[in-house]
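Observations on chain architecture
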Amino acid sequence: EAQVTQNPRYLITVTGKKLTVTCSQNMNHEYMSWYRQDPGLGLRQIYYSMNVEVTDKGDVPEGYKVSRKEKRNFPLILESPSPNQTSLYFCASSARLAESYEQYFGPGTRLTVT
Amino acid sequence: AQTVTQSQPEMSVQEAETVTLSCTYDTSESDYYLFWYKQPPSRQMILVIRQEAYKQQNATENRFSVNFQKAAKSFSLKISDSQLGDAAMYFCAYRSPIYNQGGKLIFGQGTELSVKP
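So, here is what we can say about the structure in this document. This is a predicted model, so every value here is computed, not measured.

**A few points about the nonpolar core**
Residues and elements named next belong to chain B. Core analysis: the largest hydrophobic core is formed by 26 residues, its most contacted members being Tyr-25, Trp-36, Phe-75, Leu-77 and Tyr-90. Every element with two or more residues in this core is listed here: β3 (19–21), β5 (33–39), β6 (46–52), β8 (64–69), β9 (74–79), β10 (88–95) and β12 (111–116). Per-element tally for this core: the top contributor is β10, with four residues. Not counting the four nearest positions on each side in its chain, Tyr-25 is found in contact with Thr-3, Val-4, Tyr-32, Leu-34, Phe-68, Gln-69, Lys-70, Lys-73, Ser-74, Phe-75 and Tyr-94.

In structure tokens form, the structure reads like this:
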């Protein structure tokens, strides 16, 4: 089954404790992206990757890091989480050369930083 | 910069009736794509319908159709014969060409649709 998986699905942590949210896709997609969803703001792009070892900032990259060492994986790293990073996070992927096609979304990760 | 606006935070419709969700966008690009996503309580993002900007014909997917007015930069979603399972948050989204930040999606604020039995 074609899918994007994220782990963990729920996470409660404390300020300053480094954490990683994993994202993996099994569709051989070149393009992967991270979004955060906040009430009244919709979803906003954090980082994206066009292919292995190619990453770039989205609209709200502050406080986040990413890496793309393998095509299927695109982890999101919060090195020193703060309460304003409490949000719902989505990973998405799509075929790079099919830009009109949908982005496939993971199930989301609900993060709470206290 | 591109922006997407959904001016209706909440909408309500009677089961079996028709409802229209509004979306406007702003862009200087000529080549782009528009989408409507549904987000049920499970939080999963589900693609409802897509529209290529170069196509004049409005997209249709079963009970879902759009009214795409390119000059007015308007992209509304019509749901016919509303069902209880249509209750969800609906997001309008704009996708830039791939050369613009990898073709990122820009989302509106969302419209919460409730369906009354």
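There's plenty left to go through after this.
**Describing the interface of chain A and chain B**
Interfaces are often described in size by the accessible area the parts lose on coming together. Listed by partner, the interface residues are 26 residues for chain A and 23 residues for chain B. Summing both partners gives a buried area of about 2100 Å² for chain A against chain B, and 49% of it is carried by carbon and sulfur. On inspection of chain A and its partner chain B, the count reaches one salt bridge. Two residues, B:Lys104 and A:Asp59, come together in a salt bridge whose shortest N-O distance is 2.5 Å. In this assembly, chain A and chain B are joined by five residue pairs in polar contact (both at pLDDT 80 or more). No other element matches strand β5 (residues 42–51) of chain A, which puts five residues into the side of chain A that touches chain B. Within the side of chain A that touches chain B, the residues separate by chemical class into 11 nonpolar, nine polar and six charged.

**Here we look at the sheet that holds strand β8 (residues 76–78) of chain A**
Residues and elements named next belong to chain A. Pairing within the open sheet is antiparallel, and its four strands lie in the order β1-β3-β8-β7. Edge positions in the open sheet fall to β1 (4–7) and β7 (65–66), since each of these has one partner strand only. Sheet topology note: the β1/strand β3 (residues 19–25) ladder contains four bridges and is antiparallel. For Val-4, the partnering residue across the bridge sits in β3 and is Gln-25.

**A closer look at the state of the cysteines**
This model, assessed by the stated rule, comprises two disulfides over all chains. Disulfide partner of A:Cys23: A:Cys91, at an S-S distance of 1.8 Å. Around the S-S axis, the bridge from A:Cys23 to A:Cys91 shows a dihedral of about -70 degrees and counts as left-handed. Taken as a pair, A:Cys23 in strand β3 and A:Cys91 in strand β9 (residues 87–94) lie far apart in primary sequence, 68 residues in all. A:Cys23 sits in the buried class, given a relative accessible area of 2%. The disulfide bridge from B:Cys23 ends at B:Cys92, spanning 2.0 Å between sulfur atoms. Taking the torsion about the S-S bond as the criterion, the B:Cys23 to B:Cys92 disulfide, at about -70 degrees, is left-handed.

**Remarks on the environment of B:Arg50**
By the element assignment, B:Arg50 lies in strand β6. The sequence separation of B:Arg50 and B:Ile106 amounts to 56 residues, and the corresponding C-alpha distance is 14 Å.

**Brief notes about the environment of B:Glu52**
Residues and elements named next belong to chain B. Checked against the element boundaries, Glu-52 lands in strand β6. Judged by its relative accessible area of 12%, Glu-52 falls in the buried class. A sequence separation of 27 residues divides Glu-52 from Tyr-25, and the C-alpha atoms of the two residues are 14 Å apart.

**Some details on unusual backbone geometry**
At the junction of A:Asn7 and A:Pro8, the peptide bond is cis and its omega measures out at -5 degrees in the coordinates. One can find A:Pro8 in the loop between β1 and β2 (10–13). Residues other than glycine seldom take positive phi values, yet B:Ala16 does so here, at roughly 80 degrees. If you trace the backbone, B:Ala16 turns up in the loop between β2 (10–14) and β3. The residue B:Lys73 is not glycine, and still its phi comes out positive at about 55 degrees. With respect to the element layout, B:Lys73 can be found in the loop between β8 and β9. When its relative accessible area of 25% is taken as the criterion, B:Lys73 is described as partly exposed.

About the criteria used
- Residues numbered from 1 in each chain as written.
- Chains lettered and ligands numbered in written order.
- Predicted model: local features only at pLDDT ≥ 70, side-chain atom pairs only at ≥ 80, totals over all residues.
- Heavy atoms only, no water.
- Core = buried A, V, L, I, M, F, W, Y, C linked by side-chain atoms within 4.5 Å.
- Buried < 20%, exposed > 50% of the residue type's maximum accessible area, 1.4 Å probe, protein only.
- Helix = DSSP H or I, 4+ residues; strand = E, 2+ residues; numbered from the N terminus.
- Contact = heavy atoms within 4.5 Å.
- Buried area = accessible area lost by both parts, 1.4 Å probe.
- Salt bridge = Lys/Arg side-chain N within 4 Å of Asp/Glu carboxyl O.
- Polar contact = N/O pair within 3.5 Å; in protein donor to acceptor, adjacent residues only side chain to side chain.
- Nonpolar A, V, L, I, M, F, W, Y, C, P; charged D, E, K, R; others polar.
- Pairing = 2+ DSSP bridges.
- Disulfide = S-S within 2.5 Å.

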